[in-house]
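# What the coordinates show
Listed here are the chains, written in short residue letters.
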Amino acid sequence: MKNIKRSHISDMKKKIIEKHQLEMFLKGIVNYSSIKCSEKPDWWVQCNDGSEFAVEITEYHPFDLMSPRRKRKEIEVCWFEYLWPTLDKVRRIRDSLKYIYATLYFKNKLLPPRKNHKRIAKILIELIAELTPKFSSIGKEIEINFLPRDVLNAFPQNEKIIRLAREDWPLLDDYFSHISINRYEVLWPPWDCPQASTSFVSPSSDEFNRIFKNKSLKAKGYELHNKPLWLLIVCGLKYDTTSQIFLFNLEYKEKLFKFIEDTKFNFDESPFNEIWLLQQFDSEKLCLYPRNL
């Protein structure tokens, strides 16, 4: 029963988001009187002139180039929605961590599972609090590494690198390749996770091809009663750096169409009368098919 309820809530949230995206897209494109929620297709749009058309909506979430079996969104959501808020809550209990900035480098690009976030936060904050006296001056950076105890003495002392026995910090050693700590002039500087905050940003022919094919196959079962069907692809989404396509520049647009051509998708034989791209963060729109719109 709980799973059914969660699924229902998730579906409701999805529809609320879709409605907002559709209203954003229609503004300045179509004069409409109403939009009606549906399932197959997602929405119906009633125009002021009495005509109507159907809209299928999907979001553009490419696979991460560094973790090709996972969507980039999974990585960013894990950090920004769950792990970082957990760390931030725990660190603010300790006044000694004011002005302290940390960059966390994880071994696994998918980041730790949520079930371990609280334990990681507790132990990591304890470690950093223990080390804060070692970097009292602003701008002094210290890197923390974890090594087997029996090899620690093989490395010379270095004030910029702290090497700890992995046997003493097994949980942190499981997840972190290294940790960088610094002191800033900001009271509570946000900590960084490069795996979540940086990525390659470039249109993905594979992802567009997947969307075109999957949505075309799905649309074959729709009862449209000879009414037009549009496909709306939403990019520029929160917690997915790779969904940024940048439609403000003619050069970028031309590059995008080259990626679209590389899909080898036959638009003329697809069920879609029009295919549009909406960049959510700035409401920019671009018609992918037909090109002359």
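Residues numbered from 1 in each chain as written. Predicted model: local features only at pLDDT ≥ 70, side-chain atom pairs only at ≥ 80, totals over all residues. Heavy atoms only, no water.

## Describing helix α3 (residues 117-131)
Taking 1.5 Å of rise per residue, 15 residues should cover 21 Å, and α3 covers 21 Å from first to last C-alpha, within 8% of that figure. Listed as buried for α3 are His117, Ile120, Ala121, Leu124, Ile125, Leu127, Ile128, Ala129 and Leu131. Against the buried residues of α3 lie α2 (72-91), β4 (100-106), β5 (142-147), β6 (161-165), α4 (170-175) and β7 (176-183). (Helix = DSSP H or I, 4+ residues; strand = E, 2+ residues; numbered from the N terminus. Expected span 1.5 Å × (residues − 1). Buried < 20%, exposed > 50% of the residue type's maximum accessible area, 1.4 Å probe, protein only. Contact = heavy atoms within 4.5 Å.)

## Looking at the nonpolar core
Generally speaking, nonpolar side chains in soluble globular proteins are found buried as a group. One finds Trp79, Leu104, Phe106, Phe146 and Phe176 to be the most contacted residues of the largest nonpolar core, which totals 37 residues. Broken down by secondary-structure element, the contributors of at least two residues to this core are α2, β4, α3, β5, β6, α4 and β7. In terms of residues, this core owes the most to one element, α3, which gives 8 residues. Counting residues in hydrophobic clusters, the runner-up holds 26 residues, among them Leu231, Ile245, Phe257 and Ile260. (Core = buried A, V, L, I, M, F, W, Y, C linked by side-chain atoms within 4.5 Å.)

## Section: the pattern of salt bridges
Here the structure, examined in full by the defined rule, presents 16 salt bridges. For arginine 72, the salt bridge is made with glutamate 76, and the minimal N-O distance between the two is 2.8 Å. With arginine 72 and glutamate 76 both in helix α2 and 4 residues apart, the pair spans about one turn of that helix. Residue arginine 72 shares its accessibility class with glutamate 76, and that shared class is buried. A salt bridge links aspartate 168 to arginine 149, with the nearest nitrogen and oxygen atoms 2.7 Å apart. (Salt bridge = Lys/Arg side-chain N within 4 Å of Asp/Glu carboxyl O.)

## Some points on the packing of aromatic side chains
As enumerated under the stated definition, the model contains 15 aromatic pairs in all. With a centroid separation of 6.2 Å and 75° between ring planes, the pair formed by phenylalanine 25 and tryptophan 230 is classed as edge-to-face. Pair noted here: phenylalanine 25 is in helix α1 (residues 2-26) and tryptophan 230 is in strand β8 (residues 229-235), with a separation of 205 residues, a long-range link. The burial state of phenylalanine 25 is the same as that of tryptophan 230; both residues are buried. With 5.8 Å between their ring centres and 15° between their planes, phenylalanine 80 and tyrosine 239 make a pair best called stacked. (Phe/Tyr/Trp six-rings, centres within 6.5 Å; stacked < 30°, edge-to-face > 60°.)

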